[in-house]
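Analysis of the macromolecular model
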Amino acid sequence: HAALGGAAERDFADWLGRREGSYLTHEVSSWSEEDTSAVRRAFVSFGCCGVEDPVTDLVDLGLVGPGLAARDLADDVGRRP
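**A word on the overall build of the protein chain**
Looking only at helices and strands, the protein chain has five helices and zero strands in total. Per-residue burial for the protein chain yields a buried fraction of 9% across its 81 residues. In the protein chain, 46% of the contacts between residues at least 6 apart in sequence involve partners at least 24 apart. Of the roughly 6,100 Å² of accessible surface on the protein chain, a fraction of 54% belongs to carbon and sulfur atoms.

So this is what it looks like as structure tokens:
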């Protein structure tokens, strides 16, 4: 989101270095639907140890509801233009 918004490289690097769940949750929760769609179009990959790890993290942060499976997110992304 910061990069898409034209953030300076230094500011973007600082944002990427943040690890506090409450800060990240507040930041992502403030995005509009348009912001979220733009980030999803630009963010095409990530690395993790297990396929469920990112979903578990999102649930733990309260950004998605419990019971969501990784396949649900994959299906949703697949429907995006």
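**A few points about the confidence of the model for the protein chain**
For any part of a model where pLDDT is low, the fine detail of the predicted coordinates should not be relied upon. Looking at the protein chain as a whole, the pLDDT averages 75, with 74% of positions reaching at least 70. Mean pLDDT values over the elements of the protein chain span from 57, in helix H5 (residues 70-79), up to 86, in helix H3 (residues 33-42).

**Points about the side chain of Thr25**
You can see Thr25 is positioned in helix H2 (residues 21-29). Looking at Thr25, its side chain comes within polar contact range of the main-chain oxygen of Gly21, at 2.8 Å. In contact with Thr25, other than residues within four places in its own chain, are Leu61 and Leu63.

Thresholds applied
- Residues numbered from 1 in each chain as written.
- Predicted model: local features only at pLDDT ≥ 70, side-chain atom pairs only at ≥ 80, totals over all residues.
- Heavy atoms only, no water.
- Helix = DSSP H or I, 4+ residues; strand = E, 2+ residues; numbered from the N terminus.
- Buried < 20%, exposed > 50% of the residue type's maximum accessible area, 1.4 Å probe, protein only.
- Contact = heavy atoms within 4.5 Å.
- Areas by Shrake-Rupley, 256 points an atom, 1.4 Å probe, with all protein chains shown as cover.
- pLDDT = per-residue confidence, 0-100.
- Polar contact = N/O pair within 3.5 Å; in protein donor to acceptor, adjacent residues only side chain to side chain.

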